[in-house]
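Listed below, chain by chain, are the residues.
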Amino acid sequence: MMPITTDKSIYDKTGRLRFCSIDKFVSDICEGDHCFICGRHPSKVPFNREHVIPNWLLRNVNIHSGNIQLPNGRLHRYGSYTIPCCTECNTGLAEHFEKPISEAFGKGFSGLSALVEREGTERLFQWMALLFVKMHLKDKTLLQNPDTRLGRFYISDGYDWSTFHHMHCLARAHYSGAKIGKYVHGSMLFVEVGENSEDEFFDIATVSSAYSLYIRVKDIAIYTVFDDSGICLEAVEPVLSRITGVMNSAQARELAAELAAANIHLKNPPSFGTRSSNADGDDLEIIALPPEGNAEFFAKSNNAIGHIKRSVLGSFCQATADHTREEALELLGSNEYSFLFNSEGVFVTGGDKEDLQPVRSEWSAI
Ligand SMILES: [Zn+2]
């Protein structure tokens, strides 16, 4: 029998890493160079590179040579936006996630709906967790500022890796065989959005501190909060019910900010763990420990919401006859600007025409 290791990781009889402990995740994967799925070292098994944004998706939106905007505001070429992964796990990821999901995406929103109808949302939820984990692991190699005269600082320097452990457990559940327990599935929302100009076919935004990820591929927008047991989706219901038309790029991003803001306002979030019936990792299950009683939220902080909105929507702010770009950013940062709603909380229509000018509004979910 494989013993449970000192760091509480669990291997089965064949040596497969079933449960990757927080300590192992941080030391071997986040701070080390082990495979982020199986935990094996490059000296033991062959490695190649895994695209952070899958290759099929890059081809689908025809941006293989385009750029992704990083959390530090700089651009990185999609095609070389990769992280190391062992070849076996790379193949496993392609089979479990990329093949069925690319087939669904290839048929647009109706293809995605058919996938969800056929098998539910678990695979997509775990795929979004995989994207979240890959994006943050990539940040280990990306400089905050390429001018290193004042030192080499990486985007990931501020991360507390241990807080990403739950997303890691979700992302590798297909490998570990862990069942997704009750209340483990977080908020997930699929929205059909407008297909705009050709260079607007793809968008991705993560709010690390809110454990949330938004992705848009042509007419498909997917929103995920990983650690809220679905509570934030209920919290943004007042926002959702007022979205009465097709959203443009900025509006779709604002909804992502609303979901993320809801999560950082959650006062009594659930916690998560993994259990197993024996030391071999049999009956492995990711479990949620929901809070007692109803979900509670902190008093609404416009600065906290505005901070998220500014980071997610800042690039959409432009100077107008009424204000400079800096003034617009400041209003956005204090949550006094909205792309979604006017000051009465009414949806700003014509979204598909890409009217990017925000209107002054104090409307917000929380
Ligand atoms: Zn591997």
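Above: the structure in question.
Cut-offs and rules
Residues numbered from 1 in each chain as written. Predicted model: local features only at pLDDT ≥ 70, side-chain atom pairs only at ≥ 80, totals over all residues. Helix = DSSP H or I, 4+ residues; strand = E, 2+ residues; numbered from the N terminus. Buried ≥ 20, exposed ≤ 12 C-beta atoms within 10 Å, placed from the backbone. Pairing = 2+ DSSP bridges. Axes fitted to C-alpha atoms, helices over the stretch in contact; angles between N-to-C directions. Expected span 1.5 Å × (residues − 1).

Caption draft 1: Fine view of the environment of Asp 219. In this fold, Asp 219 is placed in the loop between β10 (212-217) and β11 (220-225). By the C-beta count within 10 Å, which is 17 here, Asp 219 ends up partly exposed. Taking C-alpha positions, Asp 219 is 6.6 Å from Gly 108, a pair spaced 111 residues apart along the chain.

Caption draft 2: Here's a closer look at unusual backbone geometry. Although it is not a glycine, Lys 218 adopts a positive phi angle of roughly 50°. Within the secondary structure, Lys 218 sits in the loop between β10 and β11.

Caption draft 3: Expanded view of the sheet that holds strand β12 (residues 271-275). The sheet built from three strands is open, its strands ordered β7-β13-β12 with mixed pairing. Unpaired on one side and paired on the other, β7 (179-180) and β12 mark the two borders of the sheet. Pairing of β7 with strand β13 (residues 285-289), which is carried by two bridges, proceeds in the parallel orientation. Within the sheet, the bridge partner assigned to Lys 179 lies in β13 and is Glu 285.

Caption draft 4: Structural detail: the sheet that holds β11. Here we have four strands laid out as an open sheet, ordered β8-β11-β10-β9, and antiparallel in their pairing. The strands lining the two open edges of the sheet, one partner per strand, are β8 (187-192) and β9 (202-207). Taking each pair of neighbouring strands and ignoring which way they run, the sheet shows an average axis angle of 10°. In this sheet, β10 lies alongside β9 in antiparallel orientation, the contact comprising six bridges. Along β10, the bridge assignment pairs Asp 203 with Arg 216.

Caption draft 5: Spotlight on helix α5 (residues 122-138). Given a rise of 1.5 Å per residue, 17 residues ought to cover 24 Å, and the 24 Å separating the end C-alpha atoms of α5 matches this to within 8%. Here α5 lies mainly inside the structure; 14 of its 17 residues are buried.

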